[in-house]
Amino acid sequence: MTVSKPVTAKTISKDEFFYGHKACAGCGGSLAVRIALKVLGKNTVAVLPAGCMSAVGFNFPQLCFSNNAIISTFAGTASMLTGVEAGLRAQGITDFNAVGFAGDGGTADIGLQALSGAIDRNDDIIYICYDNEAYMNTGIQKSSLTPFGARTTTTPAGQNIHGNIRPKKNMFEIVAAHGIPYAATASIGYINDFMQKVQKASEIRGTKYIHVIAPCPTGWGIDTSETVEIAKEVVDTGLWYLAEYENGEFKLNHRPKEFASVEHYLTRQSRFRHLTDEDIEIIKTSRDKKWEYINKNFG
Ligand SMILES: Cc1ncc(C[n+]2csc(CCOP(=O)(O)OP(=O)(O)O)c2C)c(N)n1
Ligand code: SF4
Ligand SMILES: [Mg+2]
């Protein structure tokens, strides 16, 4: 394994691989794809299933990738990555990355089986889930990564029901439970950390999984200028954490000195504005329980 000098926002390549796309202003997912491709470089084949990033990136005749990129079926990101990797290897090509960019729905719901199979075979691929916490491309429906309390078009908020009643599925730990060589959580609010995880993934053989929080102004009800700030705030509140799983062990990468205000994080997003004090208490209690677990089990 080569270990390169960690890439930072100052040293990242000036080359662009994802531009001229049709994403909404302030789209966190498009920033995640753009940055990851800058880290991975031109010898990268990107696979994108149905979802916002393929919808905004492949508008014939305007292909918005300057590296090779292909749309997969919604469920098939990881399977197509397996094929791309095997095909290039069979031709004797070794200097490349096969990377997937799938949304939360495409990862935690419909694409989970293909991802699980790829990890089981330990295919040499990088799978990046850009998590905007709902099926955004089809009009903001709940996925299994939508957090508790969030209003979506399929989890409405009114007098009797306050948005999503289910907790967010923990994809990072599900993937780790496969015994994957490398998995990490990230946020576009901590961009150096994200870039370095992508870089590290490209230097490890076998299956790598990175789960990056990528806010969506349209679905979250925030201003287009707030994307990065809110992606940072979700980590600072402790509602998301930055961690890695490697060699069978969990490691926490960032420990907030004290948690930032959960109320502030929630009330600035229209998807949470209906929440009652009791709902917010449930969210805080579940965060505290999660951190008890992290403190006990993560290095
Ligand atoms: C088999 C199949 N079912 C449903 C769809 C419709 N569809 C296209 S994009 C999408 C939403 C994707 O959500 P997510 O994976 O979270 O990505 P996002 O749009 O949020 O970026 C859906 C349901 C489809 N293309 N294929
Ligand atoms: S709806 Fe959200 S995820 Fe989709 S392009 Fe717009 S900002 Fe990005
Ligand atoms: Mg989504």
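It should be emphasised that the depicted structure is a prediction, and the values quoted were computed from it without experimental measurement.

**A word on the pattern of salt bridges**
In the structure shown here, the tally under the stated rule is 20 salt bridges. Notably, a salt bridge pairs K290 with E173, separated by 2.7 Å at the nearest N-O pair. Linking K290 in helix α11 (residues 277-297) with E173 in helix α6 (residues 171-176), this pair joins segments that are 117 residues apart in sequence. Note on K290: relative accessible area 23%, which makes it partly exposed. Between E244 and K200 there is a salt bridge, with the nearest N and O atoms lying 3.0 Å from each other. Of the two residues, E244 sits in strand β9 (residues 243-246) while K200 sits in helix α7 (residues 191-202), which places them 44 residues apart along the sequence. Residue classification places K200 among the partly exposed positions, given a relative accessible area of 21%. Where salt bridges share partners, they join D131, E133, K168 and R271 into one cluster.

**Here we look at the packing of aromatic side chains**
Following the criterion strictly, the structure yields 12 aromatic pairs and no others. Between W240 and Y241 the ring centres are 6.1 Å apart and the planes differ by 25°, which places this aromatic pair in the stacked class. Among the aromatic residues, those joined into a ring-pair cluster are F172, W240, Y241, Y245, F250, Y293 and F298. Directly above the aromatic system of W220 lies the positively charged group of R271, at a separation of 3.8 Å from the ring centroid.

**Brief notes about the pairing of β9**
The sheet contact formed by strand β7 (residues 182-187) and β9 spans 3 bridges and is antiparallel. The partner of A184 across the bridge, within β9, is E244.

**A word on the site of ligand 1**
Of all residues adjacent to ligand 1, which total 16 residues, the nearest are G105, G106, Y130, M136 and N137. Separating an oxygen atom of ligand 1 from a backbone N or O atom of M136 is a distance of 3.0 Å. In the complex, 71% of the free accessible area of ligand 1, which totals 590 Å², lies under the protein chains. It is helix α4 (residues 104-109) that provides the largest number of residues to the shell around ligand 1, a total of 3 residues. In terms of residue class, the shell around ligand 1 is built from 8 nonpolar, 7 polar and 1 charged.

**Notes on unusual backbone geometry**
Of the consecutive residues F60 and P61, the connecting peptide bond is found in the cis state with omega at 5°. Inspection of the secondary structure puts P61 in the loop between β2 (58-59) and β3 (62-63). Located in the positive-phi region is N122, a residue other than glycine, with phi close to 55°. As for its placement among the helices and strands, N122 is situated in the loop between α5 (112-121) and β6 (126-131). On the basis of relative accessible area, N122 is assigned to the partly exposed category, the value being 38%. Phi is positive for E133, which is not a glycine, with a value near 65°. Within the secondary structure, E133 sits in the loop between β6 and α6.

Scoring rules and cut-offs
- Residues numbered from 1 in each chain as written.
- Chains lettered and ligands numbered in written order.
- Predicted model: local features only at pLDDT ≥ 70, side-chain atom pairs only at ≥ 80, totals over all residues.
- Heavy atoms only, no water.
- Salt bridge = Lys/Arg side-chain N within 4 Å of Asp/Glu carboxyl O.
- Helix = DSSP H or I, 4+ residues; strand = E, 2+ residues; numbered from the N terminus.
- Buried < 20%, exposed > 50% of the residue type's maximum accessible area, 1.4 Å probe, protein only.
- Phe/Tyr/Trp six-rings, centres within 6.5 Å; stacked < 30°, edge-to-face > 60°.
- Lys NZ or Arg CZ within 6 Å of the ring centre and 35° of its normal.
- Pairing = 2+ DSSP bridges.
- Near = heavy atom within 4 Å.
- Polar contact = N/O pair within 3.5 Å; in protein donor to acceptor, adjacent residues only side chain to side chain.
- Areas by Shrake-Rupley, 256 points an atom, 1.4 Å probe, with all protein chains shown as cover.
- Nonpolar A, V, L, I, M, F, W, Y, C, P; charged D, E, K, R; others polar.

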